[in-house]
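Secondary and tertiary structure notes
Each chain, letter by letter, is given below.
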Amino acid sequence: MRQLKAKLNRVIWLLLLFSFFSCSERKSSAATLTQKNSSRIVTKEKNYTSKIEYLKDFAKKNRKNDSIAFMIDYGLHSGKNRFFVVDLKKSKIIKKALVCHGSCKNESKNDENATNFSNTSESLCTSLGMAVLGERAYSKWGKNYKYWIDGLESTNKNMRKRVVVLHAWKHVPDKEIYPKPLVMSWGCPTVSIKFLDELDTILKKNENVLLYSFN
């Protein structure tokens with residue numbers, strides 16, 4: 001009888017031990033899976049070092065403002081911050097916000113990502129390339145002021161002729177709305193009213209500020 005009880009105790013102990021390790025393995029697997037899923041969710045910010053260096057070099061060679069510059073990455077989803085204010089002296093981004101891209105008369109049928117670009121009048125498309133901010137003027141949009149933009153390359157030289165300007169619109173929010181898309185413009189880099197006021201403060205203190213648009 002004692003031997004039978006001893007055998008039963010050993011069997012019970014082995015079953016408990018097996019159950020413990022089995023649960024541990026499941027927890028470990030679940031933790032690993034969670035880590036993998038988390039790594040898929042977290043997205044690293046893009047590295048703009050080469051873009052900033054290009055801006056610095058262009059400003060120096062073409063006698064433009066070498067302290068501050070703007071750049072827009074139209075390769076990003078429209079619901080994400082893609083308008084950047086760059087401190088050229090420190091080679092770092094100091095501000096960022098949402099910005100619209102051109103609708104291209106809705107030919108692209110894509111309000112999430114800018115896929116079509118043009119320098120043609122009445123195309124309603126965004127133009128890519130290096131440009132410089134011009135004078136401040138009246139606008140019927142946003143807070144009733146805008147900044148003219150002069151394209152410096154063949155891909156955007158018609159910006160002033162096309163009346164592609166930097167202005168604000170009340171329907172552009174101040175925070176990212178991803179994965180929702182942002183409203184589209186008629187080709188102008190359109191920002192929120194609050195952000196344009198921030199840019200206005202910068203532009204009142206700086207002349208010949210570059211605006212580099214790319215995708």
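Reference entry: report on the structure contained in this document.

Analysis parameters
Residues numbered from 1 in each chain as written. Predicted model: local features only at pLDDT ≥ 70, side-chain atom pairs only at ≥ 80, totals over all residues. Heavy atoms only, no water. Buried < 20%, exposed > 50% of the residue type's maximum accessible area, 1.4 Å probe, protein only. Helix = DSSP H or I, 4+ residues; strand = E, 2+ residues; numbered from the N terminus. Pairing = 2+ DSSP bridges. Contact = heavy atoms within 4.5 Å. Axes fitted to C-alpha atoms, helices over the stretch in contact; angles between N-to-C directions. Expected span 1.5 Å × (residues − 1). Arc of directions from axis to C-beta. 1 Å grid on protein atoms, 1.4 Å probe; cavity = no way out; pocket = protein on both sides within 12 Å on 5 of 7 lines; lining within 4 Å. Points joined across faces, edges and corners; volume = space filled by probe spheres on them. Nonpolar A, V, L, I, M, F, W, Y, C, P; charged D, E, K, R; others polar. Polar contact = N/O pair within 3.5 Å; in protein donor to acceptor, adjacent residues only side chain to side chain. Core = buried A, V, L, I, M, F, W, Y, C linked by side-chain atoms within 4.5 Å. Phe/Tyr/Trp six-rings, centres within 6.5 Å; stacked < 30°, edge-to-face > 60°.

Let's shift gears to the pairing of strand β5 (residues 145-151). For β5, the tally of buried residues reaches 6 of 7 residues, placing the bulk of the element in the interior. Of the strand pairs in this sheet, strand β4 (residues 129-138) and β5 are connected by 6 bridges, and their pairing is antiparallel. Of the residues in β5, the one forming a bridge with alanine 131 is glycine 151. Direction of pairing for β5 relative to strand β6 (residues 165-168): antiparallel, over a ladder of 2 bridges.

Our focus in this paragraph is the sheet that holds strand β8 (residues 210-214). Spatially, β3-β2-β1-β8-β4-β5-β6-β7 is the arrangement adopted by the 8 strands of the open sheet, whose pairing is mixed. With one partner strand each, in any of the chains shown, β3 (92-97) and β7 (190-191) form the two edges of the open sheet. Those strands touched by helix α2 (residues 49-61) are β1 (68-73), β2 (83-87), β3, β4 and β8, and its axis lies near 140 degrees from that of β8.

Attention now goes to helix α3 (residues 193-205). Counted at 1.5 Å a residue, the expected span for α3 with its 13 residues is 18 Å, and the 19 Å between its end C-alpha atoms agrees. Residues of α3 that are buried include every one of Phe195, Leu196, Leu199, Asp200, Ile202 and Leu203, and no others. Projected down its long axis, α3 carries its buried residues within an arc of 165 degrees, all on one side. Exposed and oriented more than 90 degrees from the buried face of α3 are Lys194, Lys204 and Lys205.

Let us look at empty space enclosed by the protein. A complete count under the given rule lists 1 cavity of 30 Å³ or more for this structure. Within this model, the largest cavity holds a volume of roughly 50 Å³. Looking at the lining of the largest cavity residue by residue, the class counts come to 4 nonpolar, 4 polar and no charged.

What follows deals with the side chain of histidine 167. With respect to the helices and strands, histidine 167 occurs in strand β6. At a separation of 3.3 Å, a polar atom in the side chain of histidine 167 contacts the side chain of threonine 190. Apart from residues no more than four positions distant in its own chain, histidine 167 is found in contact with Ser139, Trp141, Tyr145, Lys146, Cys188, Pro189, Thr190, Val191 and Leu196.

Let us look at the nonpolar core. Taken as a class, soluble globular proteins show a tendency for nonpolar side chains to be buried jointly. Core analysis: the largest hydrophobic core is formed by 27 residues, its most contacted members being Phe70, Phe83, Val85, Leu133 and Leu166. Those elements that place two or more of their residues in this core are β1, β2, β4, β5, β6 and α3. No other element matches the 5 residues that α3 contributes to this core. The residues touching leucine 133, leaving out its near neighbours within four places in the chain, are Phe70, Tyr147, Trp148, Ile149, Leu166, Leu203, Val209 and Leu211. In terms of nonpolar packing, the next biggest core, distinct from the first, is built from 16 residues, Ile52, Ala69, Met71 and Tyr212 among them.

Inspection of every chain in the model, using the stated rule, returns 10 aromatic pairs. Taken together, a centroid distance of 5.2 Å and an interplanar angle of 55 degrees make the contact between tyrosine 54 and tyrosine 212 tilted. Taken together, the residues span a long stretch of sequence, with tyrosine 54 in helix α2 and tyrosine 212 in strand β8 at a distance of 158 residues. With relative accessibility at 12%, the residue tyrosine 212 sits in the buried group.

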